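Observations on the model geometry
Now for the letters of each chain:
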Amino acid sequence: MPSAAAPRRSAFSSPSHPCPSPSLSIYFAKMLFFSYFKELVGKEVTVELKNDLAIRGTLHSVDQYLNIKLENIRVVDQDKYPHMLSVRNCFIRGSVVRYVQLPPDGVDIDILHDATRREARGG
Amino acid sequence: MRGRRSVSGRKGWAAMSWAGPEDIFLSTSLASYLDKKLLVLLRDGRKLLGVLRSFDQFANVVLEGACERVIVGDLYCDIPLGLYVIRGENVVLIGELDLEREKLPAHMICVSVAEIRRAQKAERDATDLKGSMRKRMEFLDLD
């Protein structure tokens, strides 16, 4: 295992963000994607919403509801959404997200697999 | 912070709005948007503009001086609404308006409330007509 991967492991095994570690395994399942998205902060992502609006931007932050804050956004089909022209940063409610499209090199599949197996086993 | 767990009950710990002052720059709290002019997109497609005065962990929002920006094709109109409380479940997106950038493309025309309502009705009628025609075609089962 390359040494560069070692520090990244800690984000999945125990959240560094100040929140309580849930005792029930069902809550751990929610924390996995929260931890995963925290790793992606600073990367360019495209968020597709349930109303078909697609927004590209830099991931600024994420919270436990998977609400997303994007910076320097660019709407994918700008002409269809003229009202979004002067919006630079935005907050997206987690409940309206359909997809989050990631850069191909933004995902370390092995770490994700390990974390998922650990969650499936019950932490 | 751990004491809050009992207050929030089933949902667990509400991380969003109770971040400390240093977390404002890093977290997904709406605190950084307070007292700023925002664009709020709602689930029903409406676009509200206003100054954020209050929020909570459900993204319930208080907008002061709210107006609805109705856009039909190249026509637009800002309809003043006043003080609005928006239930969080209806919120799709909250955007921070950059006042230096052009708010709308230059070719768009500002019209009166009456005219934009007429344009909205015309657009709705056209969509309904398209929908009903499609239904009639589907009945023919042309596959």
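Reading the values: rules and limits
- Residues numbered from 1 in each chain as written.
- Chains lettered and ligands numbered in written order.
- Predicted model: local features only at pLDDT ≥ 70, side-chain atom pairs only at ≥ 80, totals over all residues.
- Heavy atoms only, no water.
- Helix = DSSP H or I, 4+ residues; strand = E, 2+ residues; numbered from the N terminus.
- Buried < 20%, exposed > 50% of the residue type's maximum accessible area, 1.4 Å probe, protein only.
- Contact = heavy atoms within 4.5 Å.
- Areas by Shrake-Rupley, 256 points an atom, 1.4 Å probe, with all protein chains shown as cover.
- Pairing = 2+ DSSP bridges.
- UniProt positions renumbered as here; feature names shortened; annotations may be inferred.
- Salt bridge = Lys/Arg side-chain N within 4 Å of Asp/Glu carboxyl O.
- Phe/Tyr/Trp six-rings, centres within 6.5 Å; stacked < 30°, edge-to-face > 60°.
- Lys NZ or Arg CZ within 6 Å of the ring centre and 35° of its normal.
- pLDDT = per-residue confidence, 0-100.
- Patch = residues over 30% accessible without salt bridge, like charges linked within 9 Å, V, L, I, M, F, W, Y side chains within 5 Å.

1. Some remarks on the overall build of chain B
The helix and strand tally for chain B stands at two helices and six strands. Mapped in sequence order, the helices and strands of chain B form the string α-β-β-β-β-β-β-α. Burial status across chain B gives 36% buried among its 143 residues. A sequence separation of at least 24 residues applies to 48% of the contacts in chain B between residues at least 6 apart. Accessible area for chain B stands at about 9000 Å²; split by element, carbon and sulfur atoms hold 55% of it.

2. Section: the sheet that holds strand 1 (residues 44–49) of chain A
Taken in spatial order, the 11 strands of this open sheet run 5(A)-1(A)-2(A)-3(A)-4(A)-5(B)-1(B)-2(B)-3(B)-4(B)-6(B), and their pairing is mixed. Looking at which strands have only one partner, the edges of the open sheet turn out to be strand 5 (97–101) of chain A together with strand 6 (109–110) of chain B. Of the pairings in the sheet, the one linking strand 1 (residues 37–42) of chain B to strand 2 (residues 47–55) of chain B comprises five bridges and is antiparallel in character. When the bridges of strand 2 of chain B are listed, B:Val40 appears paired with B:Leu48.

3. Looking at the UniProt feature "domain: Sm" (unreviewed entry) in chain A
In the numbering used here, UniProt assigns the feature "domain: Sm" (unreviewed entry) to residues 32–106 of chain A. Annotation note: span residues 32–106 of chain A, helix share 11%, strand share 45%, distance between end C-alpha atoms 16 Å.

4. What to know about the pattern of salt bridges
Overall, the coordinates contain 11 salt bridges over all chains when judged by the stated rule. Here A:Arg98 makes a salt bridge to A:Asp52, at a shortest N to O gap of 2.9 Å. Here A:Arg98 is found in strand 5, whereas its partner A:Asp52 is found in the loop between strand 1 and strand 2 (54–62), with 46 residues between them in sequence. The partner of B:Arg87 in a salt bridge is B:Glu89, and the shortest N-O contact between them spans 2.5 Å.

5. Some details on the packing of aromatic side chains
Any pair of aromatic rings gets described here by the distance separating the centres and the angle formed by the planes. The final tally for this structure, using the stated rule, is two aromatic pairs over all chains. Ring geometry for A:Phe33 versus A:Tyr36: centroids 6.3 Å apart, planes at 90°, classification edge-to-face. Of this pair, A:Phe33 and A:Tyr36 both sit in helix 2 (residues 25–39), three residues apart, which is roughly one turn of the helix. For the pair A:Tyr36 and A:Phe37, a centre-to-centre distance of 5.8 Å together with 45° between the ring planes defines the contact as tilted. With relative accessibility at 8%, the residue A:Tyr36 sits in the buried group. Taking relative accessible area as the criterion, A:Phe37 reaches 11% and is therefore assigned buried. Here a set of aromatic residues connected by ring pairs shows up, and it is made of A:Phe33, A:Tyr36 and A:Phe37. Of note, A:Lys38 hangs over the ring of A:Phe34, and the distance from its end group to the ring centre comes to 4.8 Å. Here the basic side chain of A:Lys69 rests over the ring of B:Tyr33, its NZ or CZ set 4.8 Å away from the ring centre.

6. Quick look at unusual backbone geometry
All names here are of chain A. Positive phi, normally seen in glycine, also occurs at Asp-52, with a value near 75°. With a phi angle near 50°, Asn-72 is a residue other than glycine that sits in the positive phi range. Here Asn-72 is to be found in strand 3 (residues 68–75). Of the residues examined, Asn-72 reaches a relative accessible area of 51% and is grouped as exposed.

7. A few points about the confidence of the model for chain B
Residue and element names in this part refer to chain B. Confidence in the prediction of chain B, expressed as mean pLDDT, is 81, and 79% of residues score 70 or more. Predicted confidence is poor over residues 1–20, with pLDDT under 50, and the contacts of this stretch with residues over four places away or in other chains come to 35 contacts. For this predicted complex, the interface confidence score (ipTM) comes to 0.73, while the overall pTM stands at 0.74.

8. Focus: a nonpolar patch on the surface
Nonpolar side chains collect at one region of the surface, where B:Met137, B:Phe139 and B:Leu140 lie side by side and expose about 380 Å² of accessible area between them. Positionally, B:Phe139 belongs in helix 2 (residues 113–140).

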